[in-house]
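Each chain, letter by letter, is given below.
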Amino acid sequence: MNAHLFDSSSKLAMLGGEPVRKTSWPVWPQHGPEVFAAIERVAKSQCYHPQFGTETTTFETAFAAYHGVPHAVATSSGTTALQLACAAGGIGHGDEVIVPAYTYIASASCVVEQNAIPVFVDSEPISQGLDPHDLRRKITPRTKAIIAVHCNGYPCNMEDIMTIADEHDLTVIEDCSHAHGARYHDQIVGTIGHLACFSLHHKKNLSAGIGGVVITRDAEHARKMRAWRSFSTEEPVGHNWLMSEFHAAIATALLQNLDRMNHQRQANVDTLIEALGDVEGMTPLPGHKNTTPVYYNFILQYNQEQVQLSRDVFVSAIKAEGIPLHMFYTPLQRWGIFKHANFYGRGCPFTTQGERDFVNYDNVSTPVADAICDRVNLEIKVQPTSSASEMVQIAKAIKKVLSHRNELKTPISNN
């Protein structure tokens with residue numbers, strides 16, 4: 001390690017020193033006049049429900065046009081978007097659906113909501129998306145679909161995923177909740193699979209507070225989802241999964257700035273990488289060649305054996321320096337609802353699959369996803385409300401903690 005990279009004169013904040021950053025981190029999102037005007041427009045219209053207003057239809061049209069597809073169906077959340085996509089894709093009783101172990105719970109709970117079984121697949125190390133090799137091993141005669149998640153805004157290996165799906169006649173649902181505007185080769189993500197779901201949750205790159213949307217080129221898929229997101233006497237099933245006019249208006253206003261906001265995320269990442277330089281034990285996640293990530297989180301890969309400091313202690317030290325760093329993810333098979341295979345009680349739906357054996361997730365092996373969640377990933381916030389100064393502070397905090405790591409020695413565990 002090059003000693004001149006580090007400022008070793010200041011004491012670690014967690015040991016009583018001054019933190020690198022003493023003020024709160026920039027809030028994300030911060031809305032401007034275009035959003036305030038959109039909210040005011042809806043309020044003055046007094047048409048808040050999409051059956052009476054025009055904002056939701058306007059957003060759907062704009063979102064479909066942005067992706068170059070004919071159909072966009074707005075929903076109440078990213079979770080309900082996934083559930084509608086699964087329903088439209090014909091996923092149901094007795095089916096299995098391939099899901100990456102490294103993702104948010106909604107990417108798997110949507111499968112269970114269709115009375116189907118998620119089958120968890122390991123990650124590959126380039127983008128941390130699902131591993132095509134493990135995907136191929138996990139396919140059975142019951143496999144109906146694949147949910148491919150672009151984790152943290154890094155496009156996953158869609159070429160191999162689509163090849164395998166075509167070989168087995170499987171539906172591919174892209175979960176783009178972290179990846180609004182990301183590109184895979186010459187295609188925008190969400191336009192490669194058969195259906196694609198986006199979250200508009202408060203934290204996302206396109207942030208309407210709450211909401212979701214599904215895009216597709218299939219007119220029948222779109223018709224079903226429009227019918228099933230609300231109640232109708234003509235449909236066998238319905239839900240109250242409509243997007244409000246307020247959230248649609250906010251999303252439409254922000255969509256015009258999505259590319260600009262994503263460019264700021266990229267600029268922040270470039271600044272951070274330059275400020276960090278060659279730092280021992282820290283490697284940026286590369287992502288696949290010919291892809292354009294949009295960095296819901298920028299991923300630094302931490303080598304705790306090389307640094308000789310556990311990731312948990314390192315993260316605590318960074319947070320004490322005033323830098324937000326929150327590790328959230330755990331492999332999905334560890335979630336209690338899957339560990340105990342009892343989603344609704346009485347073992348449902350894991351023991352209601354006809355003659356199949358009871359589903360047991362105890363022996364699911366996803367070593368790459370385990371490492372990602374337990375000791376490798378550092379999820380760095382690079383939202384557009386941050387600037388070069390925040391990125392330099394992140395780099396300074398990392399260097400400061402590394403320069404004092406001998407003061408924080410803890411046993412290293414690979415579990």
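Sequence positions are assigned chain by chain, starting from 1 and proceeding in written order. The model is predicted, so local features are restricted to residues of pLDDT at least 70 and side-chain atom pairs to those at 80 or more, both for listing and for counting; the totals for chains, interfaces and linings are taken over all residues. Note that the side-chain values use all heavy atoms of the structure and ignore hydrogens as well as water.

Engineer: Any chance you could explain helix H6 (residues 158-168) here in plain terms?
Structural biologist: Three or four residues apart is the spacing at which side chains of an α-helix point the same way, because the helix has 3.6 residues per turn. When a residue's accessible area, from a 1.4 Å probe over protein chains only, is under 20% of the maximum for its type it is buried; when over 50% it is exposed; and in between it is partly exposed. Runs of H or I in DSSP of at least four residues are treated as helices and runs of E of at least two as strands, each being numbered from the N terminus. All of the buried residues in H6 are Met 158, Ile 161, Met 162, Ile 164 and Ala 165. One side of H6 carries all its buried residues, which in axial view fall inside an arc of 165 degrees. Residues of H6 that are buried sit in contact with helix H5 (132-138), strand S4 (143-149), strand S5 (171-175) and strand S6 (183-184). Residue Asp 169 follows H6 closely and has a positive phi angle near 55 degrees. To be clear, the arc concerns the directions from the helix axis to the C-beta atoms. Whether two residues are in contact is decided by their heavy atoms, any of which lying within 4.5 Å being enough.

Engineer: I keep staring at the sheet that holds strand S1 (residues 71-75) and nothing clicks. Help me out?
Structural biologist: Picture the strands of a sheet paired through backbone hydrogen bonds; they go either parallel or antiparallel. When DSSP finds two or more bridges between two strands, those strands count as paired. Ordered by their spatial adjacency, seven strands build an open sheet running S1-S9-S8-S5-S4-S2-S3, and the pairing between neighbours is mixed. Edge positions in the open sheet fall to S1 and strand S3 (117-121), since each of these has one partner strand only. This sheet shows a mean twist of 25 degrees between the axes of neighbouring strands, independent of strand direction. Whenever a helix is involved, its axis is fitted only over the stretch in contact; in every case the axis is a line through C-alpha atoms, and angles between N-to-C directions fall within 0 to 180 degrees. Sheet contacts for helix H2 (residues 55-67): S1, strand S8 (195-199) and strand S9 (212-216); angle to S1, the most-contacted strand, approximately 135 degrees. Relative to the sheet, helix H3 (residues 78-88) contacts S1, S4, S5, S8 and S9, its axis offset from that of S8 by approximately 165 degrees.

Engineer: Any chance you could explain the sheet that holds strand S11 (residues 291-292) here in plain terms?
Structural biologist: Read across the sheet, three strands follow the order S7-S6-S11 without closing on themselves; strand pairing throughout is antiparallel. At either margin of the open sheet sits one strand with a lone partner, and together these are strand S7 (187-188) and S11. Looking at chain direction, S6 and S7 are connected through two bridges and run antiparallel. Bridging from a neighbouring strand, Tyr 184 pairs with Gln 187 of S7.

Engineer: I would appreciate a short explanation of the nonpolar core in the present structure.
Structural biologist: Where a protein is soluble and globular, its nonpolar side chains tend to be buried together. Ranked by size, the top nonpolar core spans 48 residues in total, and within it Phe 59, Phe 63, Leu 135, Ile 146, Met 158 and Ile 161 carry the most contacts. For this core, the element with the highest residue contribution is helix H8 (residues 245-255), accounting for seven residues. For Phe 63, the residues in contact, after removing those within four places along its chain, are Ala 72, Phe 198, Leu 206, Val 213, Ile 215 and Leu 255. Only buried residues count toward a nonpolar core, which is a set of Ala, Val, Leu, Ile, Met, Phe, Trp, Tyr and Cys residues joined through side-chain atoms within 4.5 Å. In terms of nonpolar packing, the next biggest core, distinct from the first, is built from 47 residues, Ala 87, Cys 110, Tyr 329 and Phe 338 among them.

Engineer: Sorry, what's going on with the packing of H3 against helix H7 (residues 219-228) here?
Structural biologist: Working note: a packed helix pair is described by the angle between its axes plus the distance between those axes. Following both chains from N to C, one finds H3 and H7 inclined at 125 degrees, their axes separated by 9 Å at the closest point. Taken together, H3 and H7 sit at an angle that is classed as oblique. Crossing geometry of H3 relative to H7 is assigned as right-handed. Only His 221, Lys 224, Met 225 and Trp 228 of H7 make contact with H3, whose side of the interface consists of Leu 84, Ala 85, Ala 87 and Ala 88. By the definition adopted for this analysis, an angle is roughly parallel if under 35 degrees, roughly antiparallel if over 145, roughly perpendicular if from 65 to 115, and oblique otherwise. By definition, turning the near helix anticlockwise from the far helix through less than a right angle yields a left-handed crossing, and turning it clockwise yields a right-handed one.

Engineer: Help me understand the packing of aromatic side chains, please; the structure alone is not making it clear to me.
Structural biologist: Here a ring pair, both rings aromatic, is described through the centre-centre distance and the interplanar angle of the planes. When the centres of two rings from Phe, Tyr and Trp lie within 6.5 Å, Trp using its six-membered ring, the rings pair. Their planes under 30 degrees apart give stacked, over 60 give edge-to-face, and anything left gives tilted. This model, assessed by the stated rule, comprises twelve aromatic pairs. Seen from their ring centres, Tyr 154 and Tyr 295 are 5.4 Å apart, and the 90 degrees between their planes marks the pair as edge-to-face. Here Tyr 154 is found in the loop between S4 and H6, whereas its partner Tyr 295 is found in the loop between S11 and strand S12 (298-302), with 141 residues between them in sequence. In this structure, Tyr 154 and Tyr 295 share a single accessibility class: buried. Three or more aromatic residues link up through ring pairs in this structure, and these residues are Tyr 102, Tyr 104, Phe 328 and Tyr 329.

Engineer: I'm lost on the side chain of Ser 77 in this one. Help?
Structural biologist: Within the fold, Ser 77 resides in the loop between S1 and H3. Setting aside its immediate chain neighbours within four residues, Ser 77 contacts Gly 211 and Gly 212.

Engineer: Would you mind showing me how to read the environment of Trp 241 here?
Structural biologist: The residue Trp 241 is located in the loop between H7 and H8 in this model. The exposure class of Trp 241 is buried, given its relative accessible area of 15%. Spatially, the C-alpha atom of Trp 241 lies 7.7 Å from that of Ser 77, the residues being 164 residues apart in sequence. Sequence-distant contacts of Trp 241, defined by excluding residues within four places in its chain, comprise Ala 74, Thr 75, Ser 76, Thr 80, Gln 83, Leu 84 and Arg 229.

Engineer: Explanation requested: the packing of H3 against helix H4 (residues 106-113) in the structure shown.
Structural biologist: Where H3 meets H4, the axes come as close as 9 Å, and the angle between the chain directions of the two elements is 45 degrees. By the angle between their directions, the pair H3 and H4 is classed as oblique. Once H3 is placed against H4, the crossing between them reads as right-handed. Two secondary-structure elements touch here, H3 through Thr 79, Leu 82, Gln 83 and Cys 86 and H4 through Ala 106, Ser 107, Cys 110, Val 111 and Glu 113. Gly is placed with the polar residues, together with every amino acid not listed as nonpolar (Ala, Val, Leu, Ile, Met, Phe, Trp, Tyr, Cys and Pro) or charged (Asp, Glu, Lys and Arg). Class assignment for the residues of the contact of H3 with H4 results in five nonpolar, three polar and one charged.

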